[in-house]
Each structure stands twice: as structure tokens, then as C-alpha cells.
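If you want the building blocks of each chain, they are given just below.
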Amino acid sequence: MSPINLAIVGVGKIVRDQHLPSIENNSDFKLIATASRHGTVDGIPAFTSIEAMLDAVPGIDAVSLCMPPQYRYEAAYKALEAGKHVFLEKPPGATLSEVADLEALAKTKHVSLFASWHSRYAPAIEAAKAFLAGTTIKSVHVIWKEDVRHWHPNQEWIWQAGGLGVFDPGINALSIVTHILPPLFLTGAVLEFPENRDSPIAADLQFKSGQGLAVHAEFDWRQTGKQSWDIVAETEAGQMVLSEGGSKLSVNGELTFTAPEAEYPSLYRRFAEIVKAGTSDVDLAPLRHVADAFMLGKRKFVEAFHD
Ligand code: NAP
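The name given to the protein chain in an unreviewed UniProt entry is D-galactose 1-dehydrogenase, with the source organism recorded as Rhizobium leucaenae.

Next up, the structure:
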């Protein structure tokens, strides 16, 4: 089968770090164009808007949309309307309803829509899911604390409305939680907003399941020194720690599973799979929890944040 002719829109940090090497090493895809106001990829025809690119390159089969979430819907709509398969970076959009709209359009156009959640493909996720399925979970504590100055330098969009603030990394934790735990719902939240910003710098979230499982999540962008991306579950089979963003699984202090990181290669394998199968993969559960936090959460204003 000939490769899927792919275009990338929004050439920035994640495209250079992850998309380009993953596409390069996947024979199911051939990168044939980019659209970005400034970013380009060596040797690949570049356009400054998706409209110009779709007009000039009719052979595009699929597009990966990697711009900030607030600007993704317009591009996704144009691509789907033109009959292209669409890969959405996480979070899939700025609102739940716009993504539902894209899902319906993809169905009408008989093309695939992929709402990607890269953290679900971290090495130890399936091992953690299997471990939890085989025991009774008593409680879960999610700790996602990182230094925003280190990971998001000069990213203004992330602090603007729709940029999600600390939920930009926090939604990665929620994408894992919604994959390995039973269905949950939010019961309380406190969101901390810097007084000069429109999105939160920290969030404290309480969830429970219908069976009464309590899950506590702490997201904080003010962490310097050691960074924490851990999910700790107290279970009848002992304490499970899924650490380093899903890279390592330990039970009762002993490392039981780890493997090399390959999140984006796995995402592109999954995208090829759904394109070939003629299906879509759109799970809005992580984004729904974030929306619930904005709806139910108490707001606290904290010290202004300056880069
Ligand atoms: P980024 O570098 O700040 O943005 C990506 C590109 O989008 C920019 O280089 C810019 O390219 C374009 N862009 C920026 N503002 C735009 C606007 N107003 N309208 C249209 N295009 C705009 O961000 P990133 O870190 O790559 O993140 C992009 C997405 O990937 C986010 O949803 C993020 O959550 C996700 N992600 C990021 C990481 C990471 O480690 N950074 C990891 C996983 C997922 P032009 O100026 O050339 O148009």
C-alpha cells in the first residue's frame, strides 16, 4: 500500500522534538508539505496557511495539527471539509463542543479523526492497567508537578484563556487516569490563578468513582528541582507507583516494568491503523474532566507570574 501523504500544520517545539522523527521512521507516512506562519522543515514544501497549502498540494491525504489548542478547530474544520484525515495534538481543542463538531464532520466526510493522547502510550501504562485490573484499588494520588519556566519558556498561548495553564501537562495525567482507572467524576477542586494570567498555575482535584474510589490529583507548575509525574495507588496487592509520566511501574518499592520511551511512534502507528480501518479515535474523557474543573472549581488568585 502506498504511504499516507501527510502535511503538518503549526511547526513548533513538539513537531521538531517528536513528530518529525516519528514520521521519518514510519513507512506508512510520507511528509509532503507544511503550513506554518514561520516554521518550516528542511526540504519540504512550506506554506504560511492551511488554505494555501490545501489549494497548492491536492495529494495530501492527512494532516497533523500541532498549533496551540485555541487555533486548532478552524484548521481541523478546513482539513476535514477538504476530505483529509486529521491528527489532533493534545488537548484536541479549546472546548468539548468544538471537538464533538469535528467528530460529526469526520463521520459525514468518511475520514478519520484522531484525538491523540501521547501519555497513554508511555511504556508502563498497559502494565499498570493490567496490575490494577487484577486487584482492588483503595485510593489513588496523582502528583504532576513541574517547572513551567523550564518546560514552557515564552509560550504565551498557554497562559491565555483556552491554553489550559497547568492543565496542559495535567491533562496528560488525566489521559492516563481515564485509561487505567474505572470511570471517575470530579467532586471538588481548587484552581490557583496568577493575578495577571487567564489560566491556572496549580490545581487540586478530588474525584470519586460510582463504587466510592477516591482519587486526589495535585497539579503544580511552580516545582523547581526534582520534577514529579507520578500516580500512586494503594491496593490490596500493595502500593503501585507509576512514575516518570508512565515510564516506570513499581509495586511495593520494586521496579516491575519499564521499557524505552516511544510515545509518538506509537501515536503514528495508531493513526495509520485507524486511517486504514476507516474509523476515528476520539476520547474526550480527559478534556471533560478539565472542563468540569473549570466549572466546579473554586478560584484562588495568587502571586503574579512573570517569565
Ligand atoms: P509551540 O511551539 O508554542 O506552538 C507550535 C506552533 O504553532 C508554533 O511554533 C507556531 O508556528 C504555531 N502557532 C503558535 N501560535 C499560533 C497561533 N496563534 N495561530 C496559529 N498558529 C500558531 O507549542 P508546542 O510546544 O509545539 O505545543 C503545541 C501543542 O502540542 C500543544 O497543544 C501542546 O499541548 C502539545 N504538546 C506539546 C509538548 C511539548 O513538549 N512542548 C508535548 C506534547 C504535546 P508558526 O509561528 O510558524 O505559525
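Picking up after the structure, the text goes on.
Attention shifts here to the domain arrangement of the protein chain. For the protein chain, the domain assignment lists domain 1 (4–115) and domain 2 (119–262 + 291–302). When each unit is reduced to the centre of its C-alpha atoms, the spacing between domain 1 and domain 2 is 27 Å. Contact between domain 1 and domain 2 buries roughly 820 Å² in total, counting both sides, with carbon and sulfur atoms accounting for 58%. Area buried by domain 1 at its contact with domain 2 is led by Q70, K90 and P91, which between them contribute 47% of it. We note a salt bridge from D168 to K90, for which the minimum N-O separation is 3.2 Å.

Another aspect to go through is the site of the ligand. Around the ligand, the structure places 23 residues, and the nearest of them are S36, H38, G39, K90 and D168. Residue V11 places a main-chain N or O atom 3.2 Å away from an oxygen atom belonging to the ligand. Take W157: an N or O atom from its side chain is 2.9 Å from an oxygen atom of the ligand. Calculation on the ligand without its partners gives an accessible area of 860 Å², and the protein chains cover 81% of this total. Assessed atom by atom at 2 Å from the grid points, the ligand resides in the largest pocket. Here the residues of the shell around the ligand sort into ten nonpolar, seven polar and six charged. When residues of the shell around the ligand are sorted by domain, at least three fall in each of domain 1 (4–115) and domain 2 (119–262 + 291–302).

Moving on, we come to the sheet that holds strand β5 (residues 85–88). Spatially, the six strands line up as an open sheet ordered β3-β2-β1-β4-β5-β6, and their pairing is parallel. In the strand order of this sheet, the two ends are held by β3 (46–47) and β6 (113–115), each with one partner. With three bridges joining them, β5 and β6 adopt parallel strand pairing. Among the inter-strand pairings, F87 is bridged to a residue of β6, identified as F114. Across the sheet, helix α1 (residues 13–24) is in contact with β1 (4–9), β2 (29–35), β4 (62–65) and β5; its angle to β1 comes to roughly 175 degrees.

A separate point is the nonpolar core. Core analysis: the biggest nonpolar cluster contains 80 residues, and M53, V142, F167, L205, F219 and L242 have the highest contact counts within it. Take this core: its biggest share by element is seven residues, from helix α7 (residues 167–180). With 20 residues, the next largest nonpolar core counts V11, I23, C66 and F271 among its residues.

On to the UniProt feature "domain: Gfo/Idh/MocA-like oxidoreductase N-terminal" (unreviewed entry) in the protein chain, then. UniProt's entry tags residues 4–114 with the feature "domain: Gfo/Idh/MocA-like oxidoreductase N-terminal" (unreviewed entry), counted in the numbering of this structure. In this annotation, residues 4–114 is assigned 39% helix and 23% strand; the end-to-end C-alpha distance for the span is 15 Å.

Residues H85 and F87 of β5 are buried on one face, and the alternating residues V86 and L88, pointing to the opposite face, are buried as well. In terms of strand pairing, β4 meets β5 through four bridges, oriented parallel. Its bridge partner lying in β5, S64 is registered against F87. A crossover connection joins β4 to the parallel β5 through helix α3 (residues 72–81); in handedness this β-α-β unit is right-handed. Taken together, β5, helix α4 (residues 96–109) and β6 constitute a β-α-β crossover, and its handedness is right-handed.

Once that is clear, we can look at the sheet that holds strand β9 (residues 202–209). Strand order in this open sheet of nine strands is β14-β13-β12-β11-β7-β10-β9-β8-β15, and the pairing throughout is mixed. Only two strands of the sheet have a single partner each, and these edge strands are β14 (254–258) and β15 (298–302). Going from strand to strand, the sheet's axes swing by 15 degrees on average, the running direction of each strand aside. Note that strand β7 (residues 137–145) and strand β11 (residues 228–235) share eight bridges and pair antiparallel. Residue pairing in the sheet places V140 in a bridge with A233 of β11.

Of note, the amide linkage connecting K90 to P91 takes the cis form, showing an omega dihedral of -15 degrees. Relative to the elements of secondary structure, P91 occurs in the loop between β5 and α4. If you check the backbone angles, N252 has positive phi at about 50 degrees while not being a glycine. You can see N252 is positioned in the loop between β13 (248–251) and β14. The exposure class of N252 is exposed, given its relative accessible area of 52%.

Moving on, we come to α3. Within α3, the full set of buried residues consists of R72, Y73, A75, A76, A79 and L80. Taken end-on, α3 shows its buried residues confined to a sector of 165 degrees, consistent with a single buried face. Buried residues along α3 sit in contact with α2 (50–56), β4, β5 and α4. One or two residues past the end of α3 sits G83, with phi positive at roughly 85 degrees.

About the criteria used
Within each chain, residue numbers correspond to sequence positions counted from 1 in written order. In view of the model being predicted, local features appear only for residues whose pLDDT reaches at least 70, and side-chain atom pairs are presented and counted only at 80 or more, with totals across whole chains, interfaces and linings using the full set of residues. In computing side-chain values, all of the structure's heavy atoms are included and hydrogens and water are not. The split into domains, and so the bounds of each, comes from an automatic or database assignment of domains. Accessible-area loss on putting two parts together, using a 1.4 Å probe and summing over both, is the definition of buried area adopted here. For this analysis, a salt bridge means a side-chain nitrogen from Lys or Arg found within 4 Å of a carboxyl oxygen belonging to Asp or Glu. Throughout this document, a residue counts as near a molecule or strand when at least one of its heavy atoms sits within 4 Å of that molecule or strand. Pairing of N or O atoms within 3.5 Å defines a polar contact, subject to two protein rules: one partner must be a possible hydrogen donor and the other a possible acceptor, and residues neighboring in sequence count only if both atoms are side-chain atoms. Note on areas: these come from Shrake-Rupley sampling with a 1.4 Å probe, and a residue is covered only by the protein chains present in the view. For each structure, a 1 Å grid was placed over the protein atoms alone; sets of points admitting a 1.4 Å probe that cannot get out are labelled cavities, open sets with protein on both sides within 12 Å along at least five of seven lines are labelled pockets, and lining residues have an atom within 4 Å of a point. Think of it this way: if more than half of a molecule's atoms are within 2 Å of a pocket's grid points, that molecule is in the pocket or cavity. For this classification, the nonpolar set comprises Ala, Val, Leu, Ile, Met, Phe, Trp, Tyr, Cys and Pro, the charged set comprises Asp, Glu, Lys and Arg, and every other residue, Gly included, is treated as polar. A pair of strands counts as paired when DSSP detects no fewer than two bridges linking them. Strands are runs of DSSP state E lasting at least 2 residues, helices are runs of H or I lasting at least 4, and numbering of each runs from the N terminus. The contact criterion used is simple: two residues touch if any of their non-hydrogen atoms lie within 4.5 Å. Note on geometry: axes are C-alpha line fits, over the in-contact stretch for helices, and angles between N-to-C directions span 0 to 180 degrees. Side-chain atoms within 4.5 Å link the members of a nonpolar core, which is a set of buried Ala, Val, Leu, Ile, Met, Phe, Trp, Tyr and Cys residues. Note on exposure labels: buried denotes an accessible area under 20% of the residue type's maximum, exposed denotes more than 50%, and partly exposed covers the range between, all computed with a 1.4 Å probe on protein chains only. UniProt positions are given in the numbering used here, feature names are shortened, and annotations may be inferred rather than shown by experiment. For crossovers, right-handed means that the path from the first strand over the helix to the second runs clockwise, given strands pointing away from the viewer. It is the directions from the helix axis to the C-beta atoms that the arc portrays.

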